Amino acid sequence: MNILDFSSDAFIVSFFLYCAAFLLYAVAVMGKKWSNRDPIDHLNRWGKRAFIASTVALAAHLVFFVTRWIGAGHIPVSNMYEFMSFLSMMIMVAFIVVYAIYRKSLLGLFALPLTIIIMAYAAVFPQEVQPLIPALQSIWLKIHVTLAALGEAFFAVGFAAGFMYLLRTVDFSGKDKSSRRQRGWVEFTLITIVVVIGFIGTVFAFRASGYEAVFVQKTVTIDTKGEENSTIEKVIYRMPPIFAPYNSEVESLKPFLGMKEPLLETPSWMNGVNAGRKLNTVIWSIITGLILYGIIRLIVRRPLGQALQPMMNGIDADDLDEISYRAIAIGFPIFTLGALIFAMIWAQIAWSRFWGWDPKEVWALITWLYYSVYLHLRLSKGWQGQKSAWLAVLGFLVVMFTLVGVNLIIAGLHSYAGAD
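Keep in mind it's a predicted model, so treat the numbers as computed, not measured.

S.K.: Got a minute to help me understand the overall build of the protein chain in this structure?
M.R.: When its secondary structure is counted, the protein chain shows eleven helices and five strands. The buried share of the protein chain, taken over its 420 residues, is 49%. The long-range share in the protein chain, meaning contacts at least 24 apart out of those at least 6 apart in sequence, stands at 74%. With an accessible surface of roughly 20,300 Å², the protein chain has 65% of that area assigned to carbon and sulfur atoms.

See the structure below:
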């Protein structure tokens, strides 16, 4: 077994250890209702066990990171598989820092799923070691990416605590317009998470089945002399094609549930040879996510937010509000250094300019401005409680679009990070 194989095994071990730690946190929180012990004693006892398990999982995750670094010959943060794996590890580091300060076991019940989902999402992408392109062969790769990811990890913990605050304080039985609106947005947030889980499950299911559809797409471009140039490219789908690539022909296609050809063609305004495949993936994610959400609703027989709220009983809402704010306050200066200041220094070295309005640069700036506004409203305007919690939740959605949406959808100088 070579070191990269050992690294992959460590990744799998850490993933299952995180799952075990999550189950222990669930026992700590939900098992206190049926325990013969004092509820506080039960929570503390199982909370300690869960924390030890999550710490062991983080140690295995660190083994993956170090051995991958040794085997690859460079820090493993240069593609989506490596970066999302690193981000999930940093979320656990941020969680452990916050846990050491506040000792709130319930936070693990929400922070661990974030780590697990992001690790599973990372595994969707190609896992082969890729050589660094010239622009990435710099010490600034280590400084910029690691600090940016650590800052985003603290934002993730702030999101978890903020969302817990909403589950604790939103009136799920209220009949007024404000309560209905709050319940609706809580449920929408949960549906979004379920859709992501549906996407991951769908990718692995079709990957395991070996499904493949191949299209040949012809692209016509006009050069500076006004002459037409045509190129023919193959596009491979790993999911049944609901949307075929624009202006393409089927080379091979496995039938799926009676579907022997694509249902629709990708709109012409969606540019890029892979636009149809990405649109197809999004549609499949929504379909499977909504089906999964429907199954869960049938099982619990009520909105998910309402089903989760009883877990929050006995938790001080003010503590959750404080944890969310402190996590974001810690993450903000780290993100400022990593994602903006050091990134601009590296851009000057690599591309001879500090700023170039690349999509990733723009969205990093939007993320920074968003959290600047959050801190301003929190400190100067006294926005606390539900207002602050909603800002923390929305902010992490901005972070995830910056990481995922920009890398995979919008072309730019940072597109190398989204190789799939």
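Text resumes after the structure shown.
S.K.: Can you walk me through the environment of Ala350 in this structure?
M.R.: Considering the arrangement of structural elements, one finds Ala350 in helix H9 (residues 317-351). The partly exposed category is assigned to Ala350, whose relative accessible area is 35%. Along the primary structure Ala350 and Leu136 are separated by 214 residues, whereas in three dimensions their C-alpha atoms are 8.5 Å apart.

S.K.: Sorry if this is basic, but what is going on with a positive patch on the surface here?
M.R.: Residues Arg45, Lys48, Arg49 and Arg103 make up a contiguous surface patch of positive charge. Here Lys48 shows up in helix H2 (residues 39-72). Under the relative-accessibility criterion, Lys48 is labelled exposed at 57%.

S.K.: Sorry, what's going on with the pattern of salt bridges here?
M.R.: Should the charged atoms of two oppositely charged side chains come close, the side chains can pair. One pass over the structure, following the stated rule, counts five salt bridges. A salt bridge links Arg238 to Glu212, with the nearest nitrogen and oxygen atoms 2.6 Å apart. With Arg238 in the loop between strand E2 (228-237) and strand E3 (243-244) and Glu212 in the loop between helix H6 (177-209) and strand E1 (213-222), this pair connects stretches of sequence that are 26 residues apart. Classification of Glu212 by relative accessible area gives partly exposed; the value is 30%. A salt bridge links Glu251 to Lys234; its shortest N-O distance comes to 3.2 Å. Residue Glu251 is located in strand E4 (residues 248-253), and its partner Lys234 is located in strand E2; the two are separated by 17 residues in the primary sequence. According to the relative accessible area criterion, Lys234 is exposed, its value standing at 58%.

S.K.: What exactly am I supposed to notice about the packing of helix H4 (residues 108-122) against helix H5 (residues 139-169) here?
M.R.: For any two helices packed against each other, one specifies the crossing angle of their axes together with the interaxial distance. For the pair H4 and H5, the least separation of the axes is 9 Å and the interaxial angle reads 130°. On the basis of their axis angle, the class for H4 and H5 is oblique. Here H4 runs over H5; the crossing is right-handed. Taken together, the residues of H5 that come into contact with H4 (itself represented by Phe110, Ala111 and Leu114) are Ala156, Phe159, Ala160, Phe163, Met164 and Leu167. Classifying every residue of the contact of H4 with H5 gives nine nonpolar, no polar and no charged.

S.K.: What am I meant to see in H4 here?
M.R.: An α-helix turns once per 3.6 residues; consequently, residues spaced three or four apart project the same way. Counted at 1.5 Å a residue, the expected span for H4 with its 15 residues is 21 Å, and the 21 Å between its end C-alpha atoms agrees. The element H4 is largely enclosed, with a buried count of 14 among its 15 residues.

S.K.: Where do I start with the packing of aromatic side chains in this structure?
M.R.: Tallied over the full model, the rule gives 25 aromatic pairs. For the ring pair Phe15 and Phe16, a centre distance of 5.5 Å and an interplane angle of 85° mean the geometry is edge-to-face. The exposed category is assigned to Phe16, whose relative accessible area is 54%. Grouped by ring-pair contacts, the aromatic residues Tyr25, Phe51, Phe95 and Tyr99 constitute a single cluster.

Rules behind the numbers
- Residues numbered from 1 in each chain as written.
- Predicted model: local features only at pLDDT ≥ 70, side-chain atom pairs only at ≥ 80, totals over all residues.
- Heavy atoms only, no water.
- Helix = DSSP H or I, 4+ residues; strand = E, 2+ residues; numbered from the N terminus.
- Buried < 20%, exposed > 50% of the residue type's maximum accessible area, 1.4 Å probe, protein only.
- Contact = heavy atoms within 4.5 Å.
- Areas by Shrake-Rupley, 256 points an atom, 1.4 Å probe, with all protein chains shown as cover.
- Patch = residues over 30% accessible without salt bridge, like charges linked within 9 Å, V, L, I, M, F, W, Y side chains within 5 Å.
- Salt bridge = Lys/Arg side-chain N within 4 Å of Asp/Glu carboxyl O.
- Lys, Arg positive; Asp, Glu negative; His and termini not counted.
- Charge placed at Lys NZ, Arg CZ, Asp CG, Glu CD.
- Axes fitted to C-alpha atoms, helices over the stretch in contact; angles between N-to-C directions.
- Parallel < 35°, antiparallel > 145°, perpendicular 65-115°, else oblique.
- Left-handed = near helix turned anticlockwise from the far one by under 90°.
- Nonpolar A, V, L, I, M, F, W, Y, C, P; charged D, E, K, R; others polar.
- Expected span 1.5 Å × (residues − 1).
- Phe/Tyr/Trp six-rings, centres within 6.5 Å; stacked < 30°, edge-to-face > 60°.

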